[in-house]
Each structure stands twice: as C-alpha cells, then as structure tokens.
Amino acid sequence: MGTVLTRQDQKCWNEGLEVALTDLQSSWNNVRHHTEEISSDRLLVRRGQAFNITLYFRKRGFQPGLDNIIFVAETGPLPDLSNGTRALFSLAGHHGPSPWIASLETNGASSLEVSLCAPPTAAVGRYLLKVHIDCFQKSVTAYQLGEFILLFNPWCPGDSVYLDSEPQRQEYVVNDYGFIYQGNKNWIRPCPWNYGQFEENIIDICLELLDKSLNFQIDPATDCALRGSPVYISRVVCAMINSNDDNGVLNGNWSESYLDGINPAEWTGSVAILKQWHATGCQPVRYGQCWVFAAIMCTVMRCLGIPTRVITNFDSGHDTDGNLIIDEYYDSTGRILENKKKDTVWNFHVWNECWMARKDLPPGYGGWQVLDATPQETSNGLYCCGPASVRAIKEGEVDLNYDTAFAFSMVNADCMSWLVYGGKEQKIHRDTNTVGNFISTKSIQSDERDDVTENYKYIEGSPQERLVFMRALQKLKARRSEGPHKADSQHSTPVPLNGDSPRSLHMPSLRPSDIVQVSLKFQLLDPPNMGQDIRFVLLALNMSLQFKDLKVNLSAQSLLHDGSPLPPFWQDTAFITLSPEEAKTHSCRIPYSQYSQYLSTDKLIRISALGEEKNSPEKILVDKIITLAYPGIMINVLGAAIVNQPLSIQVLFSNPLSEHVADCVLTVEGSGLFKKQQRVLIGVLKPQHRASITLETVPFKSGQRQIQANLRSNKFKDIKGYRNVYVDLRL
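Remember, it's a predicted structure, so these values are computed and weren't measured experimentally.

**Things to note about the pairing of strand β3 (residues 51-57)**
Regular strands place their side chains on alternate faces of the sheet.
Line of reasoning, step 1. Of all 7 residues in β3, 6 are buried; the element is thus mostly enclosed.
Line of reasoning, step 2. Where strand β1 (residues 19-23) and β3 come together, 4 bridges link them in antiparallel fashion. Within β3, the position partnered with Leu 21 by the bridge is Tyr 56.
Line of reasoning, step 3. Sheet topology places β3 next to strand β7 (residues 111-117); 6 bridges connect them, and they run antiparallel. Bridging across to β7, Thr 54 finds its partner in Glu 113.

Written as structure tokens, this is what we have:
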C-alpha cells in the first residue's frame, strides 16, 4: 500500500522547500570558537566543536519526515569523499560514513537553526558549505550557503593539538606578541615581537602559503587531504617560511650586505613581512635570519590553531656531518679561524616548538616538537627541520622522525678544538659543556624568561647526560654504517654505552686555562655600551710554587651570530712574570674608533688570549664574547587606552654615539593599536642627541596589547623598545 498524504503534506509536496537566506552567525560562533579576534563578519570555526547556522525559507518551513536536508562541506580544488575533502551528512541523523554531524536546534515557522560539527581530524582550510533538499523524494534542490574556514582546535580533547591548560592556550595560541631572546649566554636580552596572527588578512595569507607549497603544486588533492595532520602541516609551513626550495616567505642572508632589502635586525613583527610577501605576488621578502624565520612560523602556526612558542638556544651547535662533533680551528695566536666544514657554534639560534600528538612515533613522544624554519640542512630533499620530539632529543632517540639527530646536535654536540700550524691540524681539546645553554622562551602570561634547558637534556656532565650522548652517537654510527658512506676514521671505534667522558682523550699541549698551573681570565671594567671604548683586564694567576714567565698574544675580532668569524681588528702582546701563587693584571683598551668600522650587525666581539710559558710547550687559551648594548627606546602612553578612542603615544630615543648619524628611521607597530606599521623619517641625529615624537592612534581591539619600536640609522640598525598597554572596551 502506498503512502497516504494529508492535505498539508500535499501542499508541501507541491511547493517544495526553498532556502531564501542563510545566517552563518559568524559573530556568535567566532566568540565560542576563539576566533573573534580574526573577524566578526566571516565564519571561522575550529574542528571538533559545533557551530550554529540558521536557514530561512521562502514559502514554508521545514517538515520533518517529509523534507530531507543533506549538508555538503568541501575543501580544496578537487573535493572527494574518499579522501575526506568532501563530506555529506544528513540532518535526519542518517550520517552514513561521514563523521561530520548535523543536528536540529530550533524549527520555526519559516526558519531552521541547525548545529554542525566537523570531526576533530578534519582537514583545515577554506570550506564551501552547501545544502541539498529532498522534498518527499520529489526533487533535489541544491543551494550554496556560504564559505567558512576550519582551524585546528587546541580546546578540543579529540584534536591532536589539544592542550589541557587554558593559560597555555592563551599564551601559545591567543597571545599576539612576545619576546625573542638574543645576545649571548652571559647577556640575554628580550627582543619584542608583534606576531599579529589575528590581524586583517593574515589568515588568508596563511592559507595562501599552504597553497603555494610544492606539495600543493604537485598534488593538490593529496595535499588538501593531509591537512588534518599537524605533523604534515608543520613540515609544509616550515619549508614555506624560507625560500630555498620555492617562493617561500623569506630570503635568508648572513652576508652583512642588505642593500637590496631590509636588515633582519630591523624587523619588529611578522605582519609587515607576510603582507609584503602577499602584495608582491608571493615573492620572498628580503631578508631574514633565524629569529625572523621562527617568528613568522610562530605567527602562521598560531593563526592555524597549533600551539606554538619561540625558543632560543645559546651556544647552538651546527653539525654539518652528523657526527655530534662541532670542530673549531685556532691559529697560534688564539684567533678562531673560519671552519672549512662549516661546523659552527652559533652565539644563539632560534627555532619553534609546536604542541601536537605524535601517533607516528612510539607512545610518550608527543607534546612539544622542534621545528626549525631556518634553512640549514635538507630534510627529505627540502629545507625544513622537524617536527622532532623534545623528549626524543633529551633521551637521545635520534632515529625517530623527523630530523631528531640534527636537533640533538644543536643542544648537545661536543666541541672539538684544533690547532692549525705549519699546514697541519692537531686535535687539542674536547669540550662536552659548550653547546646548548640557557634554552629560553617567554613565560606563560608574563614578560619573564622561562629556561627550558632541562626539557632538552640532562645536567651537563652528569652520568645520565653522557649516557644519552653515547646512545645517540651509537645510533648515528649504526645508521651511517648501513648507508652508502662509511663513518669518519676518527669515529670508527665503537663507543661503549658506559657513560665514560670523552675528556679521557689524550690532551696535547694547548689546553683550557682551568687544567694547567697558570690560568688566564678576562674581566670587563665597564658595561660594554655601544659608542664607548671597551676596557678590560687580563687576569693571570700562577697556581704553582714556581716562577712563571708568560708571553701572551691578545686579539679581538667580530663574530656573526652564527659563529662565523671576521678578521681581527685589534692585537696586543703582553709579557708577564709571575711569582709563585701570584696574580697580575694586564690592562687593555679597544677604542670605539677602532672597533666601530669592523663591527657586525650582531654587535659581537670575541677577545682571545693565547699564553705560552717560557721553556715549556704548554699553551693556555682563553676567550670571551662581548655583546655591545644600546640604550633602549622609551615609550609612554599618554592617557587611558580605550577602544575607538584617540590615544597619544610618546616615543623617546637617542643617538648613543659621539658622532652624527644619518638616515634615521623610527618604526612603531602593535596589533590592535595600529592598523599598519608606522614609519617616521627622522633624518640626522647629532652626537648624544635625545629626541621624542608623539604618535596618534585609535585602538581597535581591547585587552592586553604591546607597542614595539625600532630605530635604525646608517651606523646602527636595531635600537629597540616596547611598552605593554591594556586597552579598555569602554569608558
């Protein structure tokens, strides 16, 4: 017997159900999905969390049992049910194979509010939402309801980027400013940075970045299908931040020549860089170095919803041949030489940590993962590094994906010193403590520095730390012996996993000053301020009961922050006679007029002394790295900061040098405070001259904000300052 229709049913059957209007409820949904900072007009939701939309109909309302509504969500250029980039899910609850969910909220006379939810494994990206309406199996009508963007969800326990701490989510996803630590291990300074992940158009630029990747260009269907994996996304983004393989965001430059671009030290935020990349048709921006690469990656990953923080490693190893040894070469004067193998110890190096589950690894290796966008070495043919589990690094599990061995070497390689003389190289000392110090990141909801070194390695010199090092070395040897290339001859003998220290190696004549009878030490007499002479003493101490006659060669040379040395610009020789158990000092001065013309942008000077005893083959080497400091910019907020109300900001700065400086430009920015970066042409500043300017702005976002400022000239590039500002919503 057929179905019997009532008169009302017959009317519905005749008229059909037509969608007149769709309300995506963007403003309300975005607040619930923590995306209101990005937009209130566009729908941006997170996977694994429901969002509501309302359908308005023309002639009649929705009739359960007669009308069948099927939603369609599609992403990518080739949406497909089989790879998860197309989903069909019914309001009637007959979901079929799709993990997407639609459920009825309210059914009005001519409207229908429904709740939709993407699974916590769905691919992130831009989606088109459609609806198919089947009115009593008479006909099917299709409507396009609109677009929405789907993001990762660290608030959802089912998402692989889930982070169970709200303060951490606020810091590592929501916070749009922070600090990147620079300098050296004895002088750590915070560099303020505007991440700006919620600024206008940044989400679109981040999605454009994914579409410009080589993976998408080669196979867009597969690429979009894999965008549900934070491991996959992080590798794609990491490769796209640099431009070594593609039209990535940044060109790297360590040459000290930046005439056709911007000196990396001048940048104060990510927004200007990303917008320039987009505006120029995705041409790489010139220039970046490690902290800029890491800052851009932090912006992109936080924007996509993956918890991310910026990490600085002081005395960071760059091991080019994978033997966990950083080779350093010295001449007979104690001057460090350029490394032929390009092994270096960077004064500091900056990378990212991203939080995610690692279902591709054994249990226990999820959580924080190292990702390094600075183009150093290739990974599977592309310049990217990671994600490498921080726990795997600490435990020496260097055979786990991805690039864990390289990340391990950055924090825990040993340093081998070589003496170069007469065309020969002599192994002189192995130091197990040099690499990986004061690994730093911004604290949670605080401007303080958080030391996370213990996350990466056990206490230096402890039996556990040496055991882990040996474990990592054995794994690397096993891997290299299986490959096409044999291990280097100096590492051909297997190393037992017994925790013995490599310091048991035979030590030739040149030794560090702490294991001989005479010690040398540098001591600064004044803070090393830019523009002033550098005054220091060499302290010589005779710890023996014999007289000692010393000849000491002293030198100074500039360093780049990646450890590359520049030629010496200052030398001195001292002859010191020491009675038993006597200490003497030798005073030194390097005039500003002498070092200024040789100084790199990094403002690093390495002073060294090589001492030799009369009638003895013993030599004593000591060095010290000095970072010259500038006075900071002062920023004053004149009055209360209120959304949509004018605000005056005073910026005070000075020329710290005893000479005129030209081409002075002040840049000021701050997410939620300025629509775009402010550039003020200052021109010439007289010696020691102090100046101030007042800027007017209208804050457009409430809450905690930060102003970042930078002053550059023809003599210096990165005098910086910042000021935190709380913006009230109303008077």
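The rest of the description comes next.
**Description of the side chain of Lys 442**
Line of reasoning, step 1. Among the secondary structure elements, Lys 442 is positioned in strand β22 (residues 437-442).
Line of reasoning, step 2. Side-chain polar atoms of Lys 442 contact the backbone oxygen of Ser 446, separated by 2.7 Å.
Line of reasoning, step 3. Excluding residues within four positions of it along the chain, Lys 442 makes contact with Glu 171, Tyr 172, Asn 175, Gly 178, Phe 179, Tyr 181, Asp 447, Glu 448 and Asp 450.

**Structural notes on unusual backbone geometry**
Line of reasoning, step 1. Cis peptide bonds are those with omega within 30 degrees of zero, and the linkage from Arg 286 to Tyr 287 qualifies with 10 degrees.
Line of reasoning, step 2. Omega for the bond connecting Asn 401 with Tyr 402 falls within 30 degrees of zero, at -5 degrees, which places this linkage in the cis form.
Line of reasoning, step 3. Relative to the assigned elements, Tyr 402 resides in the loop between α10 (390-395) and α11 (404-412).
Line of reasoning, step 4. In this model, Glu 256 sits at a positive phi of 75 degrees, which is unusual for a non-glycine residue.
Line of reasoning, step 5. Within the secondary structure layout, Glu 256 lies in the loop between β12 (250-252) and α8 (271-279).

**A look at the layout of surface pockets**
Line of reasoning, step 1. Estimated volume of the second largest pocket: approximately 530 Å³.
Line of reasoning, step 2. Around the second largest pocket, the lining comprises 27 residues; the ones closest to its centre are Thr 378, Asp 403, Ala 405, Phe 406 and Arg 479.
Line of reasoning, step 3. Sorting elements by how many residues they give to the lining of the second largest pocket places α11 first, with 4 residues.
Line of reasoning, step 4. Considering only residue class, the lining of the second largest pocket consists of 9 nonpolar, 10 polar and 8 charged.

**Digging into the sheet that holds strand β33 (residues 647-654)**
Line of reasoning, step 1. The strand order across the open sheet formed by 3 strands is β32-β33-β36, and the pairing between neighbours is antiparallel. Where the open sheet ends on each side, the last strands, each with one partner, are β32 (634-638) and β36 (690-697). With strand direction ignored, the average angle separating the axes of adjacent strands in the sheet is 20 degrees.
Line of reasoning, step 2. In the sheet, β33 pairs with β36 via 8 bridges, with the strands oriented antiparallel. Paired with Ser 654 across the strands is Arg 690, a residue of β36.

**Remarks on the pattern of salt bridges**
Pairing between side chains of opposite charge can happen when the charged atoms of each approach one another.
Line of reasoning, step 1. Counted according to the given criterion, the structure contains 37 salt bridges.
Line of reasoning, step 2. Here Glu 353 makes a salt bridge to Arg 309, at a shortest N to O gap of 2.7 Å. Pair noted here: Glu 353 is in strand β17 (residues 344-356) and Arg 309 is in strand β14 (residues 308-318), with a separation of 44 residues, a long-range link.
Line of reasoning, step 3. Taking relative accessible area as the criterion, Glu 353 reaches 1% and is therefore assigned buried.
Line of reasoning, step 4. The exposure class assigned to Arg 309 is buried, which follows from its relative accessible area of 6%.

**Here's the deal with the packing of helix α4 (residues 202-211) against helix α9 (residues 290-304)**
Line of reasoning, step 1. Two elements in contact, α4 and α9, have axes separated by 10 Å at closest approach and are oriented at 100 degrees. With respect to their mutual orientation, α4 and α9 come out roughly perpendicular. On α9, the residues touching Ile 202, Ile 203, Cys 206, Leu 207 and Leu 209 of α4 are Thr 299, Val 300, Cys 303 and Leu 304.
Line of reasoning, step 2. Taken together, the residues that form the contact of α4 with α9 break down as 8 nonpolar, 1 polar and no charged.

**Some words on the sheet that holds strand β26 (residues 534-542)**
Line of reasoning, step 1. Taking strand neighbours across the sheet as the criterion, the 3 strands line up as β25-β26-β29 in an open arrangement whose pairing is antiparallel. Edge positions in the sheet fall to β25 (518-524) and β29 (583-590), since each of these pairs with one other strand and no more. Averaged over all neighbouring strand pairs, the angle between strand axes comes to 20 degrees, with direction disregarded.

**A look at the environment of His 34**
Line of reasoning, step 1. Along the polypeptide, His 34 turns up in the loop between α2 (26-32) and β2 (44-46).
Line of reasoning, step 2. Using a relative accessible area of 27% as the deciding quantity, one classes His 34 as partly exposed.
Line of reasoning, step 3. A sequence separation of 119 residues divides His 34 from Asn 153, and the C-alpha atoms of the two residues are 9.4 Å apart.
Line of reasoning, step 4. Residues contacting His 34, with those up to four places away along its chain left out, are Arg 46 and Trp 155.

**Concerning the nonpolar core**
Line of reasoning, step 1. If you look at the biggest cluster of nonpolar residues, it comprises 63 residues, and the most contacted ones within it are Leu 209, Val 237, Ile 241, Trp 291, Ile 296 and Val 300.
Line of reasoning, step 2. Listed by contribution, the elements that provide at least two residues to this core are β9 (140-151), β10 (177-184), α4, α7 (230-241), α8, α9, β14 and β17.
Line of reasoning, step 3. Tallying contributions element by element places α9 first for this core, with 13 residues.
Line of reasoning, step 4. Ile 590, Leu 599, Ile 649 and Val 661 belong to the second largest nonpolar core, which has 55 residues in total.

**Let's talk about empty space enclosed by the protein**
Line of reasoning, step 1. Under the definition given, this model contains 3 cavities of 30 Å³ or more.
Line of reasoning, step 2. Of the voids in this model, the largest cavity is the one considered here, and its volume is about 150 Å³.
Line of reasoning, step 3. Along its surface, the largest cavity is lined by 17 residues, and Gln 182, Arg 189, Asp 602, Lys 603 and Asp 718 are the ones closest to its centre.
Line of reasoning, step 4. Looking at the lining of the largest cavity, the elements that each hand over two or more residues are β10 and β11 (187-194).
Line of reasoning, step 5. Examining the composition of the lining of the largest cavity, we find that 3 residues originate from one element, β11, more than from any other.
Line of reasoning, step 6. Within the lining of the largest cavity, the residues separate by chemical class into 8 nonpolar, 4 polar and 5 charged.
Line of reasoning, step 7. One number sums up the size of the second largest cavity: a volume of about 80 Å³.

**Let's talk about the packing of α11 against helix α13 (residues 463-482)**
Line of reasoning, step 1. Contact pair α11 / α13: the axes reach a minimum separation of 12 Å and the direction vectors enclose 145 degrees. Along this stretch, α11 crosses α13, giving a crossing that reads as left-handed. Here α11 contributes Ala 405, Phe 408 and Asn 412 to the contact with α13, which in turn contributes Glu 465, Val 468, Phe 469, Ala 472, Leu 476 and Arg 479.

**So, the packing of aromatic side chains**
Line of reasoning, step 1. A complete count under the given rule lists 20 aromatic pairs for this structure.
Line of reasoning, step 2. Ring geometry for Phe 51 and Phe 148: centres 5.5 Å apart, planes at 45 degrees, overall tilted. Of this pair, Phe 51 sits in strand β3 while Phe 148 is found in strand β9, placing the two residues 97 residues apart along the sequence.
Line of reasoning, step 3. On the basis of relative accessibility, which here comes to 1%, the residue Phe 51 falls in the buried class.
Line of reasoning, step 4. With a relative accessible area of 2%, Phe 148 lands in the buried category.
Line of reasoning, step 5. Arranged with centres 5.2 Å apart and planes meeting at 90 degrees, the rings of Tyr 172 and Trp 368 form a pair that is edge-to-face. A residue pair is termed long-range when its members are at least 10 positions apart, and Tyr 172 in helix α3 (residues 166-174) and Trp 368 in strand β18 (residues 367-371) qualify at 196 residues.
Line of reasoning, step 6. Exposure remark for Tyr 172: the relative accessible area of 2% places this residue in the buried category.

**Remarks on α8**
Line of reasoning, step 1. Every buried residue belonging to α8 is among Val 271, Ile 273, Leu 274 and Trp 277, and all of these are buried.
Line of reasoning, step 2. Those residues of α8 hidden inside the fold are in contact with β11, α4, α7, β12, β13 (285-288) and α9.
Line of reasoning, step 3. Gly 281 occupies a position one or two residues after α8 and carries a positive phi of about 70 degrees.

Thresholds, definitions, all that
- Residues numbered from 1 in each chain as written.
- Predicted model: local features only at pLDDT ≥ 70, side-chain atom pairs only at ≥ 80, totals over all residues.
- Heavy atoms only, no water.
- Buried < 20%, exposed > 50% of the residue type's maximum accessible area, 1.4 Å probe, protein only.
- Helix = DSSP H or I, 4+ residues; strand = E, 2+ residues; numbered from the N terminus.
- Pairing = 2+ DSSP bridges.
- Polar contact = N/O pair within 3.5 Å; in protein donor to acceptor, adjacent residues only side chain to side chain.
- Contact = heavy atoms within 4.5 Å.
- 1 Å grid on protein atoms, 1.4 Å probe; cavity = no way out; pocket = protein on both sides within 12 Å on 5 of 7 lines; lining within 4 Å.
- Points joined across faces, edges and corners; volume = space filled by probe spheres on them.
- Nonpolar A, V, L, I, M, F, W, Y, C, P; charged D, E, K, R; others polar.
- Axes fitted to C-alpha atoms, helices over the stretch in contact; angles between N-to-C directions.
- Salt bridge = Lys/Arg side-chain N within 4 Å of Asp/Glu carboxyl O.
- Parallel < 35°, antiparallel > 145°, perpendicular 65-115°, else oblique.
- Core = buried A, V, L, I, M, F, W, Y, C linked by side-chain atoms within 4.5 Å.
- Left-handed = near helix turned anticlockwise from the far one by under 90°.
- Phe/Tyr/Trp six-rings, centres within 6.5 Å; stacked < 30°, edge-to-face > 60°.

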